Amino acid sequence: MKTRIYTWAAIALFSTNISFAQTKKPVSTADKKMDTFIKNLMSKMTLDEKIGQLNLLTGGEATTGSVVSTDVETKIKKGQVGGMFSLTTPSRIRKAQEIAVNQTRLKIPIIFGQDVIHGYKTTFPIPLALACTWDMAMIEKTARIAATEASADGLNWTFSPMVDISRDARWGRISEGSGEDTFLGSEIAKAMVKGYQGDDLAKYNTMMACVKHFALYGASEAGRDYNTTDMSLDRMYNEYLPPYKAALDAGAGSIMTSFNDINGVPATANKWLMTDLLRKEWGFKGFVVTDYTAVNELIDHGLGDLQTVSALSLNAGVDMDMVGEGFLTTLKKSVQEGKVKIEKIDQACRLILEAKYKLGLFEDPFRYCNEERAKTEILKPEHLDYARKVATESFVLLKNENNTLPLKKTGTIALIGPLANTGANMPGTWSVNSDLANTKSLLEGMQTAVGSDVKILHGLGSNLIADAKYQERATMFARDIPRDNRPEEVVIAEAVKLAKQADVVVAALGESSEMSGEASSRTDIEIPAIQKRLLQALLKTGKPVVLVLFTGRPLALKWESENVPAILNVWFGGTETANAIPDVLFGVVNPSGKLTTTFPQNVGQLPLYYAHKNTGRPLEEGKWFSKFRSNYLDVSNDPLYPFGYGLSYTTFAYSNLKISKNSFKPGEAIIASVEIKNTGAIEGKEVVQLYIQDLVGSSTRPVKELKGFEKISLKPGESKTVSFKITEEELKFYNTALKFVAEPGDFKVYIGANSRDVMEAKFALTRKFK
Ligand code: BGC
């Protein structure tokens, strides 16, 4: 394995012209000033004090592993803490910072982090849902609001954005990223970094971003969390690495290693990854932090004892050790024994001090501890209004037979299901700062929305969210899911009785928030059987049923798609979900969300993604099985709902696909345009998507790759022409020598409403091979 790592490290290092390489910027006066300040400070630091800066401890209860930091106060006094996370509020942070700047020899301030993943107290939809808005300005603004609130509460560093591409719905953490697509994921990565960091990190209301999880964490085998990854360079460079790089190019100040191993070497000890690629090839100047106890976990990976793995990790390029304290307890010994060079520690220490300098902490260590801001800027009405708007735009209408939706505000609605009357379940994974106890449930939201116009009948319908053992595991950090201890038949019969009295049934079903996210992998990605039995009983009443689906991952919904008239996927929509769902159900907002992950027909199709390779034996058009072709006996290759898919209460017609010329040379451009008409009766938003296929390449190329998109709004009857500029850049990819090139030849351009339903045209890039 080692030989292999070095082989491809060598390829990466010695190939010239890799476009990942950065151009050197001239040193600015500000940089010189910082340099002088830090040189001066470091000249006074002892080895122990330098090692202390590399130590990150947790100060709160929100932990994601079995180890919890202890004796934090004593350690701060001894200069053994460089950063802390999961400690919030200006008063608590001030207290810790005061110890650091008043009671240590060199008065070095602490950096304070937190997992501010999709909003802070005002919580936005989970990242996978946020991506479905396809609205970069909106996504940036959610990060801006998150930074405003978090910095008002004392924080200056967030462990976000999570940019891991994932194509396996079994992996619970697919909920934390933007989905399966490299291009879209890169755009979102940039937007989030901009939102968090603004244009000046030292401002009181910005915070430093931490890109994670470097790298390839989303490709863990079999979708099992923390599992091994093993990937070709082709896939790595073309599909999985670009979002990390995009976030760093947007200025992200830090990056977090991932738990997984990559081709035999865990990321946290992977020199190729953190030094050769990250520093030398990409020119990253910020600092690298490990994930939670990831240094210690190298022992279980089988790389040696704590001293050995700590040295390995530092030597590979890690600067800061999260929670495990391996750096703190062993690095000095390793220096004495010649296993670690003092220069390595100096370098790590310098990068961490630089981050603190850029955040303005040396100038004012209490810059982010403003009680007044905490009172006025957190959960501001305009933040909540925005959260409601964002949530409505993240919902994806998967099916709407006979215009079952929008609902009319008359008659009787039966709101049934174990997820109908829980507020705490709404915000989803990583909502550690959300006020869960005061988050409204869908039942409350519906009641507020309809007032006395509609009678709402509510029943739980299911005595558990999933079978008992499952429920126990998935709700370990329980989120207030109501239970009913009576026999299942009784609970269902009660719900059926209510359904029969209603004009329409709204079934609030799916996953509880703890069924996705970290350490929440599933091999069965259907709605849990116990809830399906309820759904079947509700459908048998003959009443129209609307499935309001809560989920943190793509689910396999084949049966539902065939039997339920309307399905609105609401993911986990954040603080304002309870208001946002009725907005869409009653047509105050017309849904416009589009999937950023493929929904499979069944779990056996995974990993399933639109940008797959053609293979040497693709299926003939229009067929779903053919012997000796690449397919299955029992299910077609088609997704249930493709990437980019999502319905509206109106309809859009695409016509007139035009390209400005049939061929072009490097330096020139082609304009591809299409006309979109709102052919329905109400105003709506549509995400127009551009895909390109490289028909002939020196290596195999995906059947389609997203290269552009535009979200437009059209009034009934209105038409718009949307144009995309295609240059050589859009055609480039990493070839087998890892050169980023556009190869002359034929291409197809596809424009449409999703990755499946497209119009197409052909063009050529003309140029001789050199
Ligand atoms: C997760 C990270 C997170 C860290 C700190 C880990 O378990 O993998 O995403 O930032 O905990 O809370």
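None of the values given here were measured: they were computed from a predicted structure.

Caption draft 1: The arrangement of the overall build of the protein chain in detail. Scanning the protein chain from N- to C-terminus turns up 23 helices and 26 strands. Here the protein chain has a C-alpha radius of gyration of 27 Å; the compact-globule value for 770 residues is 27 Å, and the two agree. Along the three orthogonal principal directions, the C-alpha set of the protein chain runs to about 75 × 65 × 45 Å. Put simply, the protein chain has 770 residues, and 62% of those count as buried. Restricting to contacts in the protein chain with at least 6 residues of sequence separation, those with at least 24 account for 79%. The centroid of the 93 positive side-chain charges in the protein chain is displaced by 3 Å from the centroid of its 89 negative side-chain charges.

Caption draft 2: Region of the structure containing the site of the ligand. In the vicinity of the ligand, 14 residues are found, and the nearest of them are Thr 64, Asp 115, Arg 173, His 213 and Asp 291. Between His 213 and the ligand, the recorded distance is 2.7 Å, taken from a side-chain N or O atom to an oxygen atom. A breakdown of the residues in the shell around the ligand according to their chemical character gives seven nonpolar, two polar and five charged.

Caption draft 3: Highlighting the packing of helix H18 (residues 442-450) against helix H23 (residues 577-585). Closest axis-to-axis distance for the H18/H23 pair is 8 Å, and the angle between their directions is 55°. When the axes of H18 and H23 are compared, the pair comes out oblique. Taken as a pair, H18 and H23 cross one another with a handedness that is right-handed. On H23, the residues that touch Leu 442, Gly 445, Met 446 and Ala 449 of H18 are Ala 578, Asn 579, Ile 581, Pro 582 and Leu 585. Its residues assigned to classes, the contact of H18 with H23 shows seven nonpolar, two polar and no charged.

Caption draft 4: Molecular detail of the nonpolar core. Trp 157, Phe 214, Leu 241, Phe 287 and Leu 585 are the most contacted members of the largest nonpolar core, which totals 210 residues. Of the residues forming this core, the biggest block, nine residues, is contributed by helix H7 (residues 136-152). Each residue touching Leu 585, except ones within four places of it in the same chain, is listed here: Leu 405, Pro 406, Leu 407, Met 446, Val 506, Val 546, Val 548, Leu 568 and Tyr 649. Membership of the second largest hydrophobic core comes to 26 residues, among which are Leu 657, Ile 659, Ile 692 and Leu 731.

Caption draft 5: Geometry of the sheet that holds strand S19 (residues 670-678). As summarised here, the arrangement of the three strands in space is S17-S19-S22, forming an open sheet in which the pairing is antiparallel. Because the sheet does not close on itself, it has two edges, and the strands there are strand S17 (652-659) and strand S22 (719-726). Strand-to-strand twist across the sheet, computed as the mean angle between neighbouring axes with direction ignored, equals 20°. Two elements, S17 and S19, share six bridges in a ladder whose sense is antiparallel. Considered in S19, the bridge of Ala 653 is made with Lys 677.

Caption draft 6: Highlighting the environment of Leu 241. With respect to the helices and strands, Leu 241 occurs in the loop between helix H9 (233-240) and helix H10 (242-249). Taking C-alpha positions, Leu 241 is 32 Å from Ile 527, a pair spaced 286 residues apart along the chain.

Caption draft 7: Inspection of the packing of aromatic side chains at higher detail. The final tally for this structure, using the stated rule, is 24 aromatic pairs. Summarising the aromatic geometry, the rings of Trp 171 and Tyr 217 are spaced 5.0 Å apart at their centres and angled 80° between planes, so their arrangement reads as edge-to-face. Of the two residues, Trp 171 is situated in the loop between strand S4 (157-158) and helix H8 (182-197) and Tyr 217 in the loop between strand S5 (208-214) and H9; the sequence distance between them amounts to 46 residues. Residue Trp 171 is classed as buried on the basis of its relative accessible area of 0%. Residue Tyr 217 is classed as buried on the basis of its relative accessible area of 0%. Seen from their ring centres, Phe 550 and Phe 572 are 6.4 Å apart, and the 35° between their planes marks the pair as tilted. Of the two residues, Phe 550 sits in strand S15 (residues 545-550) while Phe 572 sits in the loop between strand S16 (566-569) and H23, which places them 22 residues apart along the sequence. Assessed through its relative accessible area of 0%, Phe 572 is described here as buried. Through successive ring pairs, a cluster of aromatic residues spans Trp 134, Phe 183, Tyr 610, Phe 643, Tyr 691 and Phe 709.

Caption draft 8: Fine view of the state of the cysteines. For the structure shown, the criterion picks out zero disulfides. The structure places no disulfide on Cys 210, whose sulfur is separated from the nearest cysteine sulfur, that of Cys 349, by 18 Å. By relative accessible area, which is 0% here, Cys 210 ends up buried.

Caption draft 9: Representation of the sheet that holds S4. If you walk across this open sheet you meet the eight strands as S9-S6-S5-S4-S3-S2-S1-S10, and the pairing is parallel. The outermost strands of the open sheet, each flanked by one partner alone, are strand S9 (287-289) and strand S10 (321-322). In the sheet, strand S1 (residues 55-58) pairs with S10 via two bridges, with the strands oriented parallel. Note on S10: the bridge partner recorded for Asn 55 is Asp 321.

Caption draft 10: Layout of H8. Spanning 16 residues, H8 covers 22 Å between terminal C-alpha atoms, matching the ideal 22 Å at 1.5 Å per step. Every buried residue belonging to H8 is among Thr 182, Leu 184, Gly 185, Ser 186, Ile 188, Ala 189, Ala 191, Met 192, Val 193, Gly 195, Tyr 196 and Gln 197, and all of these are buried. A distance of 3.2 Å separates the backbone nitrogen of Phe 183 from a side-chain oxygen at the start of H8, and that oxygen is part of Asp 181.

Caption draft 11: Quick peek at helix H20 (residues 488-501). Taking 1.5 Å per residue, 14 residues should reach 20 Å; H20 reaches 20 Å between its end C-alpha atoms and fits that length. Contacts from the buried residues of H20 go to strand S12 (412-416), strand S13 (455-459), strand S14 (504-510) and helix H21 (529-540).

Caption draft 12: Seen up close, the pattern of salt bridges. What the rule picks out here adds up to 47 salt bridges. Ionic pairing is found between Asp 583 and Arg 388, a salt bridge with its closest N-O pair at 2.8 Å. Placement of the pair is Asp 583 in helix H23 and Arg 388 in helix H17 (residues 381-394), with a sequence separation of 195 residues. With a shortest N-O distance of 3.8 Å, Glu 560 and Lys 532 are connected by a salt bridge. Within this pair, whereas Glu 560 is found in helix H22 (residues 558-563), its partner Lys 532 is found in helix H21, the two being separated by 28 residues in sequence. Lys 532 shares its class with Glu 560; the two are buried. Residues participating in the shared-partner salt-bridge network are Asp 35, Lys 39, Arg 350 and Glu 354.

Caption draft 13: How the structure looks around the side chain of Ser 394. Note on placement: Ser 394 falls in helix H17. Excluding its chain neighbours within four sequence positions, the residues that come into contact with Ser 394 are Pro 125, Ala 129, Leu 130, Cys 132, Thr 133 and Trp 571.

Caption draft 14: Main features of the pairing of strand S11 (residues 396-400). The buried count for S11 comes to five of five residues, which makes it a mostly enclosed element. As paired strands, S11 and S16 are joined by four bridges and run antiparallel to one another. Counterpart to Lys 399 in the pairing with S16 is Ile 567.

Caption draft 15: The arrangement of the environment of Pro 582 in detail. Position of Pro 582 among the secondary structure elements: in helix H23. The exposure class assigned to Pro 582 is buried, which follows from its relative accessible area of 2%. Sequence separation between Pro 582 and Leu 443 is 139 residues; the distance between their C-alpha atoms is 9.8 Å. In this structure, Pro 582 is in contact with Leu 442, Gly 445, Met 446, Ala 449 and Thr 577, ignoring residues within four places of it in sequence.

Caption draft 16: Representation of a nonpolar patch on the surface within the structure. A cluster of nonpolar side chains, contributed by Trp 624, Phe 625 and Leu 633, occupies part of the molecular surface with about 330 Å² of accessible area. With respect to the helices and strands, Leu 633 occurs in the loop between H23 and S17. Here Leu 633 falls in the exposed class, since its relative accessible area comes to 68%.

Criteria and thresholds
- Residues numbered from 1 in each chain as written.
- Predicted model: local features only at pLDDT ≥ 70, side-chain atom pairs only at ≥ 80, totals over all residues.
- Heavy atoms only, no water.
- Helix = DSSP H or I, 4+ residues; strand = E, 2+ residues; numbered from the N terminus.
- Rg over C-alpha atoms; globule rule 2.2 N^0.38 Å.
- Buried < 20%, exposed > 50% of the residue type's maximum accessible area, 1.4 Å probe, protein only.
- Contact = heavy atoms within 4.5 Å.
- Lys, Arg positive; Asp, Glu negative; His and termini not counted.
- Charge placed at Lys NZ, Arg CZ, Asp CG, Glu CD.
- Near = heavy atom within 4 Å.
- Polar contact = N/O pair within 3.5 Å; in protein donor to acceptor, adjacent residues only side chain to side chain.
- Nonpolar A, V, L, I, M, F, W, Y, C, P; charged D, E, K, R; others polar.
- Axes fitted to C-alpha atoms, helices over the stretch in contact; angles between N-to-C directions.
- Parallel < 35°, antiparallel > 145°, perpendicular 65-115°, else oblique.
- Left-handed = near helix turned anticlockwise from the far one by under 90°.
- Core = buried A, V, L, I, M, F, W, Y, C linked by side-chain atoms within 4.5 Å.
- Pairing = 2+ DSSP bridges.
- Phe/Tyr/Trp six-rings, centres within 6.5 Å; stacked < 30°, edge-to-face > 60°.
- Disulfide = S-S within 2.5 Å.
- Expected span 1.5 Å × (residues − 1).
- Salt bridge = Lys/Arg side-chain N within 4 Å of Asp/Glu carboxyl O.
- Patch = residues over 30% accessible without salt bridge, like charges linked within 9 Å, V, L, I, M, F, W, Y side chains within 5 Å.
- Areas by Shrake-Rupley, 256 points an atom, 1.4 Å probe, with all protein chains shown as cover.

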